[in-house]
Amino acid sequence: MISVEEARERLLAARPAARTEVLALVNARGRVPSPTAITAPVDVPPFANSAMDGFAVRAADLPGRLRIGGESAAGAARLPDVVPGTAVRVSTGAPLPPGADAVVPIEQATVIDGEVEIAAAVQTGNHVRDTGHDTRAGERVELPSPLTPAGIGVLASLGLAEITVVARPRVAVLSSGEELTPPGETLAAGRIYDANTPALVAAIAEAGGEPVEQPRVGDDPAAVAAALTTAAETADLVVTSGGVSVGAHDHIRDAIRRLGRLDFWRIAMQPGKPLAVGEIGGTTVIGLPGNPVSALVVSELLVRPLIRAVLGLPGDGRAHLPAVLDEEVGKDPERAAYLRVALRQTDAGWNAHPAGGQLSSQLRALAAADGLLVVPIGEPAGRAGATYDTMVLRD
C-alpha cells in the first residue's frame, strides 16, 4: 500500500494537459482565465468625469457667484466650456467640461436666477475622477482566479466581451457492477440503485471538471474492456467505481493492466483501500472502490485536487482546521482514517463528533458530515480529546 500523499503526488505529476476555450463574459464566472493577467486596451474611465451631481467649476473662481453656462450629462458628447466666472451643471459620471478642474456637490451650492452661489473654497481635483484612475491603457491587470463577478466587471469595463479560460477537463464516469440499477427504474431482486454515478458526477462538477456519464457496465471482462477503451478515447480522465478489488467479478483493475498500464493499486486509507490507478492510451484512469462512501472520499482526496491542478488551481480548495474529537473511534492502525464528522464551534475551538456510522456503505453519515477528520497511520483509534486536522466539506 502507498500513502494518500504519495498517491496524490504521483497523480498530479501525470496530470492531463490543460486545454483552453473562449467564453462570453456572462458565462465565465468561476472559470480560470488563461492567461491570468491581461494588458489593458483602454483607460478606465476613458475621460475625466464627475463623482457627484453638482457643478463643474474652476477652483480659482471660488468662493463666489458664478453664471450657469450649460450642462454636462452622462453620455454627453458635446460639452460647454467652463470659462472664468461660469459653472456647468454636471451629473455623476458625466464628462468634466473643458476648463473645469473641480466639482462642487449640489448640496453645497445655491441656485439663484441662473447663477450658482458657492460659499466655500474648493481644491483642484475636488470630486473629479481622472482619466484612467482605475486602470491605465497598457497596464498589466491581474485577474482573480477563478473569475469572480468583480473580475468579470473589470474585463467588461475594459471593453472585452470574451475571455480565454482553461477548459474544464472532461472526466468520464463509469460505474461497474451487475447489480446496479439506474435510479428511477424498477428495482429487481438482488439489485441495488446506483448511487455512485450521480454522486461522482456531482463531485466532479463541483471540483471544476466536466463529467461525462458513461453507460453502466456489468461484470463481463470483454464489456468492461470495451467500456474503458471508449471512455479513454473520449475524455481527459476516466474515473470508475467498483471492480478494483480481488473478487472473481472484479475486472476493472485487470482491464487497466491489459489495455495499458497499472501504476499502483491499494492505498493506505480508510475507507478506500482498493484503488487502481493507471493509464489507457495515454489517458489516466482512476479506479475507485465500489462502496459509495469509499468512492466519494477517495474522489475528494485524489480526483478533486487532480482536476484543480489541471485547471491551474492549488490544493483541494477546502478549508482545513484543527478539531477535537469528542469520542473514541476505532480504526486500522496501518491506514489513515477519514472519519465523517459533524463540527461545532465552541469558545475553545472546533469540536468534532461522528456524523453517523463509519462503515464504507453508510452514505447517510457522509451526507450529514461537515468534514473529514484525519486520524494518521499508526494510531489504532481516533482518541477522545485529541486534536486532528479536519477537511471541511461544506462552504
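To start, this report covers the structure provided alongside it. From a predicted model like this one, the values you see are computed outputs, not experimental measurements.

Okay, the overall build of the chain next. Helix and strand content of the chain: 7 helices and 28 strands. Over its C-alpha trace the chain gives a radius of gyration of 31 Å, far above what one expects of a compact globule, namely 21 Å for 395 residues. Reported as C-alpha extents along the three principal axes, the dimensions of the chain are approximately 95 × 50 × 40 Å.

Here a ring pair, both rings aromatic, is described through the centre-centre distance and the interplanar angle of the planes. Following the criterion strictly, the structure yields 0 aromatic pairs and no others. Across from the ring centre of Trp 265, 5.3 Å away, lies the NZ or CZ of Arg 266, which sits over that ring.

What follows is about unusual backbone geometry. The amide bond that connects Ser 145 to the next residue, Pro 146, takes the cis arrangement and shows omega of 5°. Among the structural elements, Pro 146 can be located in the loop between strand E11 (140-142) and helix H2 (149-157). Omega for the bond connecting Gln 270 with Pro 271 falls within 30 degrees of zero, at 5°, which places this linkage in the cis form. Here Pro 271 is to be found in the loop between strand E19 (269-270) and strand E20 (276-280). Of note in the backbone geometry, Asp 113 takes a positive phi value of approximately 50° without being a glycine. By the secondary structure assignment, Asp 113 is in the loop between strand E8 (110-112) and strand E9 (115-118). By relative accessible area, Asp 113 is classed as exposed at 77%. The phi torsion at His 127 lies on the positive side, around 55°, for a residue other than glycine. Its location among the elements puts His 127 in the loop between E9 and strand E10 (128-129).

A few words on the side chain of Ser 72. With respect to the helices, strands and loops of the structure, Ser 72 is situated in strand E5 (residues 64-72). The exposure class of Ser 72 is buried, given its relative accessible area of 0%. Beyond its immediate sequence surroundings of up to four residues, Ser 72 is in contact with Leu 79, Val 88, Arg 89, Val 90, Ser 91, Ala 94, Pro 95 and Pro 97.

A few words now on the pattern of salt bridges. The tally for this structure, following the rule as stated, stands at 20 salt bridges. Of the charged contacts, one joins Arg 10 and Glu 6 as a salt bridge, the two residues approaching to 3.3 Å between their closest N and O atoms. Residue Arg 10 and its partner Glu 6 are both found in helix H1 (residues 4-13); the two are separated by 4 residues, about one turn of the helix. The residue Arg 261 makes a salt bridge to Asp 263 at a minimum N-O spacing of 2.5 Å.

Within the open sheet, the 6 strands sit side by side as E16-E13-E17-E21-E20-E18. Their pairing is mixed. Lying at the two open borders of the sheet, with one neighbouring strand each, are strand E16 (210-213) and strand E18 (261-265). Each neighbouring strand pair of the sheet contributes to a mean axis angle of 25°, computed without reference to strand direction. Across 5 bridges, the pairing between strand E13 (residues 170-175) and strand E17 (residues 237-241) is parallel.

What follows deals with the nonpolar core. If you look at the biggest cluster of nonpolar residues, it comprises 39 residues, and the most contacted ones within it are Leu 275, Ile 286, Leu 302 and Tyr 338. Residue assignment for this core shows that the elements contributing at least two residues are H1, E13, helix H3 (196-207), E17, strand E21 (283-288), helix H6 (292-311), strand E24 (336-346) and strand E26 (371-375). In terms of residue count, H6 provides more of this core than any other element does, 11 residues in total. In this structure Leu 275 touches Phe 264, Trp 265, Arg 266, Ile 267, Ile 286, Gly 287, Leu 288, Val 298 and Leu 302, once residues within four positions along its chain are discounted. Counting 17 residues, the second largest nonpolar core, distinct from the first, contains Ala 172, Leu 174, Ala 232 and Val 238.

Among the residues of H1, Val 4, Ala 7 and Leu 11 are the ones counted as buried. On an axial view of H1, the arc spanned by its buried residues comes to 65°, and they lie on one face. Facing away from the buried surface of H1 by more than 90 degrees, the exposed residues are Glu 9 and Ala 13. For H1, the elements touching its buried residues are E18, E19, E20, E21, H6 and E24.

Analysis parameters
- Residues numbered from 1 in each chain as written.
- Predicted model: local features only at pLDDT ≥ 70, side-chain atom pairs only at ≥ 80, totals over all residues.
- Heavy atoms only, no water.
- Helix = DSSP H or I, 4+ residues; strand = E, 2+ residues; numbered from the N terminus.
- Rg over C-alpha atoms; globule rule 2.2 N^0.38 Å.
- Phe/Tyr/Trp six-rings, centres within 6.5 Å; stacked < 30°, edge-to-face > 60°.
- Lys NZ or Arg CZ within 6 Å of the ring centre and 35° of its normal.
- Buried < 20%, exposed > 50% of the residue type's maximum accessible area, 1.4 Å probe, protein only.
- Contact = heavy atoms within 4.5 Å.
- Salt bridge = Lys/Arg side-chain N within 4 Å of Asp/Glu carboxyl O.
- Pairing = 2+ DSSP bridges.
- Axes fitted to C-alpha atoms, helices over the stretch in contact; angles between N-to-C directions.
- Core = buried A, V, L, I, M, F, W, Y, C linked by side-chain atoms within 4.5 Å.
- Arc of directions from axis to C-beta.

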